[in-house]
Amino acid sequence: MPIVIRCKACERTHMPEEYEEDRFCRSCGALLVLERRATSTNGGWRKLFPYEPYAPQVEFMDDVERIVGGGGVLVAEACNGFGKTASALSALLPTGRPIVYATRTHEQVRQVLDEVSTINDKSGERFNAVNLASRQHLCLNAECRGLPNREAQELCRMLRESDSCKWGSEATSSPRGLPPVMTHKDLISTGRRMGVCPYYLARAISKHCTVVVVPYAYVFDGQVRASVDLELSGRVLVLDEGHNLDKVGQETMSDTLSEPTLDSAAEELKAVRTPTKPLKSLARHIREHTSEVPTLRPAETLQRDLELAIGADLPSVIERYAEAVEKVRALKLQLGDTPVSHLNGVVNFLALVSGSSKEKYVALYRRDQRGSNGLDYRCMDPALAVGPVVEEAGGALIMSGTLSPLDLFADVLGLRDAEKRAYRPIQNSAKIRTVVDPRVTTTYRERNGEMILSIGRSIASQLEGVDNGALIFFPQRGFMSSCLDAWGSNGVIEARRGRLNIGGKPIFIEGADARSNRETVARYKRFAVTPGGAVLCCVFRGRNSEGSNFPGRQARGIFLVGVPYANYGDPLVRAQIGYYDRLDEGLGRRWYTMDAFRAANQAMGRGIRGRDDWCHYWLLDRRYAENIDLVSEWALGSGPEIIQADGEISRMF
Ligand code: SF4
């Protein structure tokens, strides 16, 4: 049984390390008294869960407590609005083990801290939680705040060493009298009030905190994790919104070297009087191997190719330039510039190429949108990043609304021993309706004028039965424009009072950039909630398919036009399929299909955002009928329906 120390005066719970360090309560200063509590009682969450639980939530919390509390890995799919955050915290807090809770957005950070506060308020406990954010969010020094992580870290170190930061006196331990839940704002205001750095204050608090909320990068980037002193061993890891975990893992283990970076790095070398020839040769090599069409090369030969181009072996170049990076930074500071070093980026790239398992990588020479030549060194295996992290933690929960199919998702992450569960939605299933139309498809072979017209007519007729707002998702922006043009010329889209309408609703089209999209979506939402409603046309994997919310009347209907398969013409997609096939015959094709259906499930998730929310779905492609088991369970309501050849609708099974 782990020891839990609770202050008898104010009830705040302390970790054993806090007790070792200081035997007085950090909130009220009273003497602490030891007591023992069981790790996890059967249904320990019952004392903490702040709401009346629904049956699926009970199942979820029992599983989390048993599997994750017992040190295992649970991959859990549960619909938006399920209450995953409150349920996970309620099930894990009674285990007495600290929790590292990784999130992807500020909104999620706020939600985790809010739920800990609600649990405390309703249960009378004082679990402490802190947002361990980056310097970019917590630094009070304007010079340092806007810099990328590594540069901010370097400048901060130099400023503190030279006593040039007025908040540089770091809090070495958590000060007394702080509220149990420390948000980003609390950290900043406390830092200002006490004249200490909020970033180091967060780090000091996090050492003995029950819930540490961190961005994903802190968990997967070993260097960042070491730099913020984030321990995973002995802690439970929660990876919220884990549906992109494979991509996050791959991104963390990949890097890019561009010609402009090499040019800037060469300038830096000149300034510290160091030969630039190897960098110039590297830039020439990239230029000579790049064309309009991206070119894939096996990673196994990349190191040799680069060494031949440079005329030296990579480890010696890395060593020489790592020393030059220090000189570049010192010179920039001396000149009053921020110590951003492009050379450091080159060193990191070469070190990754030199130190990685080549069979898990590919090299891609390609030109970016600005016309710059570059070399991508892409990791093909997400397990490389995810496996060690999950193994180090003392139990892990990976959860999201869209992980189906769970077995395959766990396989590509290398989590074969993980337990996988999909939980029934807590929404009223009878209100969620899903209709598959197998009469249409957007496969390239059948994508013709007649098919596009059939899809448009089907949408227009169904839209008449949708109250308020509806979203239509298309596989690509170009195809969306072709459909809208075709529907405009054959009467599916009509002009009414200066506005284009489909199915009697005004049409809005997702903006191509963030700003125009924000404005369009705001206008769409104003129309959508009125009785006439509105339609927003978007693309899968785009700005409105992930991270956007369309609760209640903002989306009562969602139409999926086609299945969002990744572009097979993209060499990286083909390389990924090939990589998985080498691991396990047929895995590549299964991954390709899973990836498409996960994007479709993500788009469907935009329409259900809360417990009382509901939405109707139309899946316009016969491939949905063939793979209905890949559609998330929560999206199937009380069972999918299918449109027959004669237009009649019947239950699929
Ligand atoms: S000590 Fe804190 S406030 Fe000062 S530069 Fe470093 S992060 Fe910023």
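Residues numbered from 1 in each chain as written. Predicted model: local features only at pLDDT ≥ 70, side-chain atom pairs only at ≥ 80, totals over all residues.

**Details of unusual backbone geometry**
The criterion, for reference: The way it works is that DSSP assigns letters per residue, a run of H or I at least four long becomes a helix, a run of E at least two long becomes a strand, and they are numbered from the N terminus. Three exposure classes are used, all based on how many other C-beta atoms lie within 10 Å of a residue's own C-beta (placed from the backbone): buried at 20 or more, exposed at 12 or fewer, and partly exposed between those limits.
The peptide bond linking serine 404 to proline 405 adopts the cis configuration, its omega dihedral lying at -5°. Secondary-structure assignment places proline 405 in the loop between strand E14 (396-400) and helix H19 (406-412). Even without a glycine there, the phi angle at asparagine 468 is positive, about 65°. Inspection of the secondary structure assignment puts asparagine 468 in the loop between helix H20 (449-463) and strand E17 (469-474). In this model, arginine 497 sits at a positive phi of 45°, which is unusual for a non-glycine residue. Its place among the elements puts arginine 497 in the loop between strand E18 (493-496) and strand E19 (499-502). Note on arginine 497: 6 C-beta atoms within 10 Å, which makes it exposed.

**Here's the deal with the domain arrangement of the chain**
Put simply, an interface is often sized by how much accessible area is lost when its parts join up. Selection criterion: Throughout the structure description, domain borders are defined by an automatic or database domain assignment.
What the domain assignment reports for the chain is domain 1 (1-37), domain 2 (42-127 + 210-252 + 381-423), domain 3 (134-205), domain 4 (255-355) and domain 5 (429-651). Just the C-alpha atoms count here: the centres of domain 1 and domain 2 sit 26 Å apart.

**Re the site of the ligand**
This is how it is decided: In this text, near has one meaning. A residue is near a molecule or strand if its C-beta atom, placed using the backbone, is within 6 Å of it. Throughout, the ten residues Ala, Val, Leu, Ile, Met, Phe, Trp, Tyr, Cys and Pro are labelled nonpolar, Asp, Glu, Lys and Arg are labelled charged, and all others, Gly among them, are labelled polar.
Not every one of the 13 residues close to the ligand is listed here, only the nearest: Cys139, Asn141, Cys156, Cys165 and Cys197. For the shell around the ligand, the element with the highest residue contribution is helix H7 (residues 149-161), accounting for 3 residues. A per-class count over the shell around the ligand returns 9 nonpolar, 2 polar and 2 charged.

**A short note on the environment of glutamate 392**
For clarity, the threshold we go by: This entry defines residue contacts through backbone-placed C-beta atoms, with two residues in contact when those atoms are within 7 Å.
Residue placement: glutamate 392 occurs in helix H18 (residues 383-392). Taking the number of C-beta atoms within 10 Å as the measure of exposure, glutamate 392 has 16 and is therefore partly exposed. Spatially, the C-alpha atom of glutamate 392 lies 50 Å from that of serine 482, the residues being 90 residues apart in sequence. Those residues in contact with glutamate 392 that sit more than four places away from it in its chain are Leu232 and Ser233.

**What about the pairing of strand E5 (residues 99-103)?**
Counted only if it meets this: Whether two strands pair comes down to DSSP finding at least two bridges between them.
Within E5, 5 of the 5 residues are buried, which leaves the element mostly enclosed by the surrounding structure. Judged by which residues are buried, E5 turns out to be covered on both faces: Ile99, Tyr101 and Thr103 on one side and Val100 and Ala102 on the other are all buried. Of the strand pairs in this sheet, E5 and strand E8 (residues 211-215) are connected by 5 bridges, and their pairing is parallel. Counted as the bridge partner of isoleucine 99 is valine 211 from E8. Bridge count for E5 against strand E9 (residues 236-239) is 4 bridges, and the pairing is parallel. What sits directly across from valine 100, in E9, is leucine 237.

**Focus: the sheet that holds strand E12 (residues 361-367)**
Definition in use: Angles here are taken between N-to-C directions and fall from 0 to 180 degrees, while the axes themselves are lines fitted to C-alpha atoms, restricted in helices to the stretch in contact.
Reading across the sheet, the 4 strands line up as E10-E13-E12-E11 and stay open at both edges, with antiparallel pairing between neighbours. Two strands lie at the open edges of the sheet, namely strand E10 (255-258) and strand E11 (295-298), each paired on one side alone. Between one strand and the next, the sheet's axes are offset by a mean angle of 20°, whatever the strand orientation. Relative to strand E13 (residues 373-379), E12 is paired through 7 bridges, and the arrangement is antiparallel. The residue bridging alanine 363 from the neighbouring strand is tyrosine 377, located in E13. Where helix H14 (residues 277-289) meets the sheet, it contacts E11, E12 and E13, and its direction lies at approximately 85° from that of E13.

**Let's talk about the sheet that holds E9**
The 8 strands are arranged E7-E6-E8-E5-E9-E14-E4-E15 in an open sheet whose pairing can be described as parallel. A single partner strand is all that each edge strand has here, and the edge strands are strand E7 (181-182) and strand E15 (419-422). Where strand E4 (residues 73-77) meets E15, 4 bridges bridge the pair, whose relative direction is parallel. Within the sheet, the bridge partner assigned to glutamate 77 lies in E15 and is alanine 422.

**Topic: helix H24 (residues 587-605)**
Formally: Helix span is expected to be 1.5 Å times the residue number reduced by one.
The first and last C-alpha atoms of H24 sit 26 Å apart over 19 residues, in line with the 27 Å expected at 1.5 Å per residue. Most of H24 is tucked away, with 14 of its 19 residues classed as buried.

**Considerations on the packing of helix H12 (residues 245-252) against H18**
What counts, and what does not: Just so you know how the angles are binned, under 35 degrees is roughly parallel, over 145 roughly antiparallel, 65 to 115 roughly perpendicular, and the rest oblique.
The contact between H12 and H18 brings their axes to 7 Å, and the two run at 100°. Put simply, H12 runs roughly perpendicular to H18. Residues Leu245, Gly249 and Thr252 of H12 form the contact with H18, whose own contacting residues are Leu384, Ala385 and Val386. Among the residues making up the contact of H12 with H18, the classes are represented as 4 nonpolar, 2 polar and no charged.

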